[in-house]
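A structural walkthrough
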Amino acid sequence: MTEAIPPQPADPDSDSELVRRTLEGDQRGFELLVIKYQRRIQRLIGRMVRDVDLVEDIAQETFIRAYKALGQFRGDAQFYTWLYRIAVNTAKKALVDMKRDPVLTESALRGASDDDETSRPENEPISSETPEASLQAKEIANAVNAAVEDLPEELRQAVTLREIEGLSYEEIAQMMNCPIGTVRSRIFRAREAISARVKPLLNKQTGKRW
């Protein structure tokens, strides 16, 4: 007779275990979740708002909302995916309340690996130390910012989720409550719009193409 294999103990530091501990009244569980994701959430919010003084306040409000809604977390998605959605909604609400629009920095389209040609490092503009190159780099960054700001909300959110956080298309589809095909279309359209704004500037640089 085959001997039964005993179940493996849960990882005490896993998100699901920390959520379970919190729901059972162990406040230390949620404190560990905050420690684990605080800086990442602050970086996310910092890319959405222009006023750096608001970042900490919005991050704190994000975790307060997450704590109050923790009983609604079912584990169907990763905890950070769930927390990310709360952070985005909290930041957007704060900006709407202040009658301000989300603004991405020039780093919005960098830092996340991607299979698309326009996201590969070798296709990014490379600046040297000359004043002319520095000016060109600044112009390109401004053009990217302006292009992203002018995108419709659904395109801006899709490309932000993909390029800033590097989330998969499946995760983005879940967050935006739409089919994966729609996500791909929105990201493609967003990149096309950004490319159209930036391409004329890149063409000025000899030997560099978008």
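Calculation criteria
Per chain, the residues get numbers from 1 upward, laid out in the order the sequence is written. Predicted model: local features are reported for residues with pLDDT of at least 70 only, side-chain atom pairs are reported and counted for 80 or more only, and whole-chain, interface and lining totals are derived from all residues. Side-chain metrics rest on all non-hydrogen atoms present in the structure, leaving aside hydrogens and water. Stacked, tilted and edge-to-face are the three classes applied to pairs of Phe, Tyr and Trp rings, where Trp contributes its six-membered ring and a pair requires centres within 6.5 Å; stacked means planes under 30 degrees apart, edge-to-face means over 60, and tilted covers the rest. What counts as a helix is a DSSP run of H or I of at least four residues, what counts as a strand is a run of E of at least two, and both are numbered from the N terminus. Burial classification: accessible surface area is computed with a 1.4 Å probe over protein chains only, and a residue below 20% of its type maximum counts as buried, one above 50% as exposed, and the rest as partly exposed. Between Lys or Arg on one side and Asp or Glu on the other, a salt bridge is scored when a side-chain nitrogen of the former is within 4 Å of a carboxyl oxygen of the latter.

Moving on: the packing of aromatic side chains. Summed over all chains, the structure comprises seven aromatic pairs. Look at Y37 and F79: their rings are 5.9 Å apart centre to centre, the planes differ by 40°, and that puts the pair in the tilted class. In this pair, Y37 sits in helix α2 (residues 27-48) while F79 sits in helix α4 (residues 79-97), placing the two residues 42 residues apart along the sequence. Classification of Y37 by relative accessible area gives buried; the value is 8%.

The next thing to look at is the pattern of salt bridges. Throughout the structure, instances matching the rule amount to nine salt bridges. D26 is the partner of R21 in a salt bridge, and the nearest nitrogen-oxygen pair spans 2.9 Å. Close ionic contact of E153 with R156 constitutes a salt bridge, the shortest N to O distance being 2.7 Å. One end of the pair, E153, and the other, R156, are both in helix α6 (residues 153-163), three residues apart, so they sit about a helical turn from each other. By relative accessible area, which is 32% here, E153 ends up partly exposed. Judged by relative accessible area, R156 falls into the buried class, the value being 13%. In this structure, a network of salt bridges that share partners links the residues E17, R20 and E24.

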